[in-house]
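Here is how the chains run, residue by residue.
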Amino acid sequence: MRIFKFGGASVKDAEGVKNVVAVLKETGHADTLLVISAMGKTTNAMEAIVNAYFDRRNGLEEAIQVVVDNHKSIVNELFEAKNHDVHHAVNALIEEFRGFLMWNKSPKYAFVYDQVVGYGELLSTTIVSAYLNEVGLKNHWLDVRELIKTDNNYRDAQVNWEQTQKSVMTNVNMGELNITQGFLGSDENNFTTTLGREGSDYTAAILAYCLKADSVTIWKDVPGVLNADPRHFQDTELLHEISYREAIELAFYGATVIHPKTLQPLQGQEIPLHVKSFINPKERGTTVGRGVKISPEIPCFIVKKEQVLLKLSSLDFSFIVEENMSEIFKLFHDHRLKVDLIQNSAISFSVCLDNKFNGLKEVLPLLERKFKVTCHENVSLYTIRHFDENSVAHILNGYSVLVEQRGKETVQLVVK
């Protein structure tokens, strides 16, 4: 069995859905499991619904209507029959999350987020599955929440591998074309959970691991894994081959082509990962596998913007030792602040953080009780793998460097 993952950009509109059919006809579709993301910017639109809901329902109906109009427009363009079953299926899903917002009593943002935002994937797969059937590609729609079982750490759920393995082997018929959702799972009470933003790649890897798949292909709007994000860097180059280890390093430092959690399950089963263009499916793309060197061996650039740099120093010039660090990292963990870089000396400690869950506001006063704290917000963290001095100079041009850290293969720069 092969796993194909199509992201939101590949199904952002009716033409994108039709292109999925073209890719399947080009590559074959037997014994294939499709993992599909929400359409286009739907996840952002679903997040707007959640935010409006917590804003005392101010603008809630307008936010819902954006999602309704977008999906109904795509359905109308794909299906000529106005009484096609897909219309009823889409309406039923919309009414489901409307109903949840009406009866929900939980004040917890993360819980509500997962129950609502996941409908983006349910809508997209319902539409794509119906269209594949319409054009003769018979398929079986699967609810991934019945396959991937997790804990209840909403918005960043951890997989229960034993339960997931049993559920996947019980519910997936490997002899047919299957389609399911990325990003989602469910907890022991069958409430929807999500695997972290951009978690559809991870979904593909989880299912590949459980099914011992032959390969995973991630279809993107870029030719493959590039040595830099073309949205932030010019003159990018395609990497033809990279090892699991190199891909894990790039993902760890923030490369967005491959989700950070995706590689570990694949490496465990030595399942090759292909990253290819859904625009030009015949092109080679990038292959991630065991024991292959990066090719070509060139500097790889990664940037994480809107980060926070904290510099802590002891109030009495005493050493910052293991006990202090343990306390500091517990605070970061409890407030969901992700650590991206650490640098310490005898009496100071610097750390670059991702504040995507907005825990910084609560952490700062707690740290200030014991440390002198300097906080730099909205900094950028640049990482260069396989760096040379020219590549470092290219990044330094025009920036003020707050922290620099070098290793044998990697340099990291926090700049303002």
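Conventions used here
- Residues numbered from 1 in each chain as written.
- Predicted model: local features only at pLDDT ≥ 70, side-chain atom pairs only at ≥ 80, totals over all residues.
- Heavy atoms only, no water.
- Phe/Tyr/Trp six-rings, centres within 6.5 Å; stacked < 30°, edge-to-face > 60°.
- Helix = DSSP H or I, 4+ residues; strand = E, 2+ residues; numbered from the N terminus.
- Buried < 20%, exposed > 50% of the residue type's maximum accessible area, 1.4 Å probe, protein only.
- Lys NZ or Arg CZ within 6 Å of the ring centre and 35° of its normal.
- Pairing = 2+ DSSP bridges.
- Axes fitted to C-alpha atoms, helices over the stretch in contact; angles between N-to-C directions.
- Contact = heavy atoms within 4.5 Å.
- Core = buried A, V, L, I, M, F, W, Y, C linked by side-chain atoms within 4.5 Å.
- Parallel < 35°, antiparallel > 145°, perpendicular 65-115°, else oblique.
- Left-handed = near helix turned anticlockwise from the far one by under 90°.
- Nonpolar A, V, L, I, M, F, W, Y, C, P; charged D, E, K, R; others polar.
- 1 Å grid on protein atoms, 1.4 Å probe; cavity = no way out; pocket = protein on both sides within 12 Å on 5 of 7 lines; lining within 4 Å.
- Points joined across faces, edges and corners; volume = space filled by probe spheres on them.
- Arc of directions from axis to C-beta.
- Polar contact = N/O pair within 3.5 Å; in protein donor to acceptor, adjacent residues only side chain to side chain.
- Salt bridge = Lys/Arg side-chain N within 4 Å of Asp/Glu carboxyl O.

Trainee: Report on the packing of aromatic side chains, specifying residues and quantitative values.
Mentor: Applying the stated criterion across every chain, the model contains 19 aromatic pairs. Taking the centre distance of 5.5 Å and the plane angle of 75 degrees together, the rings of phenylalanine 4 and tryptophan 219 count as edge-to-face. You can see phenylalanine 4 sitting in strand E1 (residues 2–6) and its partner tryptophan 219 sitting in strand E7 (residues 215–220), a full 215 residues away along the chain. In this structure phenylalanine 4 comes out as buried when scored by relative accessible area, which is 3%. When its relative accessible area of 2% is taken as the criterion, tryptophan 219 is described as buried. Here phenylalanine 329 and phenylalanine 332 contribute two aromatic rings whose centre-to-centre distance is 5.9 Å and whose plane-to-plane angle is 80 degrees, an arrangement assigned as edge-to-face. Here phenylalanine 329 and its partner phenylalanine 332 are both found in helix H11 (residues 322–334), three residues apart, which amounts to about one turn of the helix. Three or more aromatic residues joined by ring pairs form one cluster here, namely Phe100, Trp103, Phe111, Tyr154 and Phe191. Seen from the ring of phenylalanine 252, lysine 338 lies directly overhead, with NZ or CZ sitting 5.7 Å from the centre.

Trainee: Kindly report on the sheet that holds strand E13 (residues 348–354), identifying the contributing residues and their values.
Mentor: The six strands lie next to each other as E12-E13-E11-E14-E16-E15, forming an open sheet whose pairing is antiparallel. With one partner strand each, in any of the chains shown, strand E12 (338–344) and strand E15 (401–406) form the two edges of the open sheet. Averaged over all neighbouring strand pairs, the angle between strand axes comes to 30 degrees, with direction disregarded. Relative to the sheet, helix H9 (residues 244–253) contacts strand E11 (300–314), E12, strand E14 (371–385) and strand E16 (410–415), its axis offset from that of E14 by approximately 140 degrees.

Trainee: Can you tell me about the nonpolar core, naming the residues and giving the values?
Mentor: By size, the foremost hydrophobic cluster in this structure holds 97 residues, and its most contacted members are Ile3, Ile49 and Leu101. Among residues more than four places away in sequence, those in contact with leucine 101 are Ile49, Tyr53, Arg57, Leu60, Ile64, Val112 and Val116. Leu331, Leu337, Leu367 and Phe371 belong to the second largest nonpolar core, which has 17 residues in total.

Trainee: Could you give me a rundown of the side chain of serine 10, with the residues and numbers involved?
Mentor: Assignment of secondary structure puts serine 10 in the loop between E1 and helix H1 (14–27). In this view, serine 10 contacts Gly16, Val17, Val20 and Phe278; residues no more than four positions away in its chain are not counted.

Trainee: Any chance you could break down the sheet that holds strand E10 (residues 286–289) for me, citing the residues and the numbers?
Mentor: Strand order in the open sheet made by the eight strands is E3-E4-E2-E1-E7-E9-E10-E8, with mixed pairing throughout. The open sheet has two edge strands, strand E3 (140–141) and strand E8 (241–243), and neither has a second partner. Note that strand E2 (residues 32–36) and strand E4 (residues 178–181) share four bridges and pair parallel. Residue leucine 34 lies in a different strand from E4, and its bridge partner there is isoleucine 179. Sheet strands touched by H9: E8 and E10. Its angle to E8, the strand with the most contacts, is close to 85 degrees.

Trainee: How would you sum up the packing of helix H2 (residues 42–54) against helix H5 (residues 109–117)? Please name residues and give values.
Mentor: The geometry of H2 relative to H5 is characterised by a closest axis approach of 10 Å and an angle of 135 degrees between their N-to-C directions. As the angle between them shows, H2 and H5 are arranged oblique. Here the hand of the crossing between H2 and H5 comes out right-handed. On H5, the residues touching Thr43, Met46, Glu47, Ile49, Val50, Asn51, Tyr53 and Phe54 of H2 are Tyr109, Val112, Tyr113, Val116 and Val117. Split by residue class, the contact of H2 with H5 holds ten nonpolar, two polar and one charged.

Trainee: Help me get a handle on the environment of glutamate 198, residues and values and all.
Mentor: Structurally, the position occupied by glutamate 198 is in the loop between strand E6 (192–194) and helix H8 (200–211). A C-alpha to C-alpha distance of 9.8 Å links glutamate 198 and threonine 43, two positions 155 residues apart in sequence.

Trainee: Any chance you could break down unusual backbone geometry for me, citing the residues and the numbers?
Mentor: For residues that are not glycine, phi is negative in most cases, and the peptide bond is trans in most cases. Proline 296 follows serine 295 through a cis peptide bond whose omega is -5 degrees. Positioned with a positive phi, lysine 212 is a non-glycine residue whose angle comes to about 50 degrees. With respect to the helices, strands and loops of the structure, lysine 212 is situated in the loop between H8 and E7. A residue is classified by how much of its surface remains accessible, and lysine 212, at 56% relative accessible area, is exposed. In this structure, glutamate 270 is a non-glycine residue whose phi angle is positive, near 50 degrees. With respect to the secondary-structure elements, glutamate 270 resides in the loop between helix H10 (263–269) and strand E9 (273–277).

Trainee: Pulling in residues and values, what's your account of the layout of surface pockets?
Mentor: Taken as a whole, the second largest pocket holds about 170 Å³ of empty space. Along its surface, the second largest pocket is lined by Asn227, Ala228, Phe233, Gln234, Asp235, Thr236, Ile298, Pro299, Phe301 and His394. When its residues are assigned to classes, the lining of the second largest pocket shows five nonpolar, four polar and one charged.

Trainee: I'd love a proper account of helix H7 (residues 161–171), names of residues and values included.
Mentor: What H7 keeps buried is the set Thr164, Ser167 and Val168. Across the axial projection of H7, the buried residues extend over an arc of 100 degrees, all falling on one side. Opposite the buried face of H7, at more than 90 degrees from it, the exposed residues are Glu162, Lys166 and Thr170. Along its buried surface, H7 packs onto H8. The distance from a side-chain oxygen at the start of H7 to the backbone nitrogen of glutamate 162 is 3.3 Å, and the residue carrying that oxygen is asparagine 160.

Trainee: Give me the pattern of salt bridges: which residues, what numbers.
Mentor: A side chain with one charge may pair with a side chain of the opposite charge, provided their charged atoms come close. Across all of its chains, the model carries 19 salt bridges by this definition. With a shortest N-O distance of 2.9 Å, lysine 5 and aspartate 201 are connected by a salt bridge. Of this pair, lysine 5 sits in strand E1 while aspartate 201 sits in helix H8, and the two are 196 residues apart along the sequence. Just as lysine 5 is buried, aspartate 201 falls in that class too. Across the pair glutamate 404 and arginine 406 runs a salt bridge whose closest N-O atoms are separated by 2.6 Å. Look at glutamate 404 and you get partly exposed, because its relative accessible area is 35%. Looking at arginine 406, the relative accessible area reads 42%, which means it is partly exposed.

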